[in-house]
Amino acid sequence: QILSWAKDLGLNTNSFNNCFDSEKFKTAIDEDTKAVQTAQVSGTPSFFINGILLVGAQPFNAFKTIIDQELAGSSPADSSRTTVDNGHLPSNGKAGAKVTIVEFADFECPFCKRYFTQTFPQIKKDYIDKGSVVYYYRHFPLDFHPLAKPFANASECANDQGKFWEMHDKIYNEQG
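These figures come from a predicted structure and were not determined experimentally.

Caption draft 1: Layout of the state of the cysteines. All chains considered together, the criterion is met by 1 disulfide. Covalent S-S linkage joins C19 and C157, the inter-sulfur distance amounting to 2.2 Å. Classification of the bridge connecting C19 and C157 rests on its S-S torsion, roughly -85°, and on that basis the disulfide is left-handed. Taken together, the residues span a long stretch of sequence, with C19 in helix α2 (residues 13–22) and C157 in helix α7 (residues 148–159) at a distance of 138 residues. Just as C19 is buried, C157 falls in that class too. The thiol of C109 is unpaired, and the distance to the nearest cysteine sulfur, on C112, comes to 3.1 Å.

Caption draft 2: Highlighting helix α3 (residues 26–38). Counted at 1.5 Å a residue, the expected span for α3 with its 13 residues is 18 Å, and the 18 Å between its end C-alpha atoms agrees. Among the residues making up α3, those that are buried are A28, I29, D32, T33 and V36. Take α3 and look down its axis: the buried residues cluster within an arc of 140°, on one side only. Among the exposed residues of α3, those oriented more than 90 degrees off its buried face are T27, K34 and T38. Q40 sits one or two residues past α3 and shows a positive phi near 60°.

Caption draft 3: Highlighting the environment of H168. Within the secondary structure layout, H168 lies in helix α8 (residues 164–174). For the pair H168 and H139, spaced 29 residues apart in the sequence, the C-alpha separation amounts to 11 Å. Dropping the residues within four chain positions of it, H168 is found in contact with F107, F116 and Y137.

Caption draft 4: Representation of the environment of V55. Note on placement: V55 falls in strand β2 (residues 52–55). Placed 49 residues apart in sequence, V55 and F104 show a C-alpha to C-alpha distance of 9.6 Å. Excluding anything up to four places from it in sequence, V55 contacts G43, P45 and S46.

Caption draft 5: Highlighting the nonpolar core. In terms of nonpolar packing, the biggest core is built from 44 residues, with F16, I101 and M167 touching the most fellow members. The element that contributes the greatest number of residues to this core is α8, accounting for 5 residues. Not counting chain neighbours up to four residues away, the residues in contact with I101 comprise F47, F48, I49, I67, I123, V133, V134, Y135 and Y136. Counting 12 residues, the second largest nonpolar core, distinct from the first, contains V41, F48, Y136 and L142.

About the thresholds
Residues numbered from 1 in each chain as written. Predicted model: local features only at pLDDT ≥ 70, side-chain atom pairs only at ≥ 80, totals over all residues. Heavy atoms only, no water. Disulfide = S-S within 2.5 Å. Helix = DSSP H or I, 4+ residues; strand = E, 2+ residues; numbered from the N terminus. Buried < 20%, exposed > 50% of the residue type's maximum accessible area, 1.4 Å probe, protein only. Expected span 1.5 Å × (residues − 1). Arc of directions from axis to C-beta. Contact = heavy atoms within 4.5 Å. Core = buried A, V, L, I, M, F, W, Y, C linked by side-chain atoms within 4.5 Å.

Below you can see the structure in the form of structure tokens.
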């Protein structure tokens, strides 16, 4: 199925297949997993909004509250912040935006898919597309999801051909 998605996205399927079969990006995927574990997070999806942790497939209003406070410079003084790297995958949004969101997710996670279908579109429309938020995705494939690592690998191989976000969306849209 993953190989047919690569073809659907117009990827060079020979290059994609070689990349996918060799697990060329296993180290990069493992580094993302280590980063989220270092931040002492265990649930998916997990988000760092300018370093403020939000865990789970939260409704749009949970994100809106934090983002709006960050944009206004009015976050509570006691807001705990964790520094996480943006990772190596391409951003979605305007570089240098006032708010950075780093998502750690598992492509096979039903809660991650729920976030993708129910919450992310509003964040994209209200903040990313308007240049207020820059968004990054990092891998956190859970061991009990057998397709999580192959999906992560597929997204990396698509990224190798400049189509990370297209594969990202395809995986979530096609996920059972």
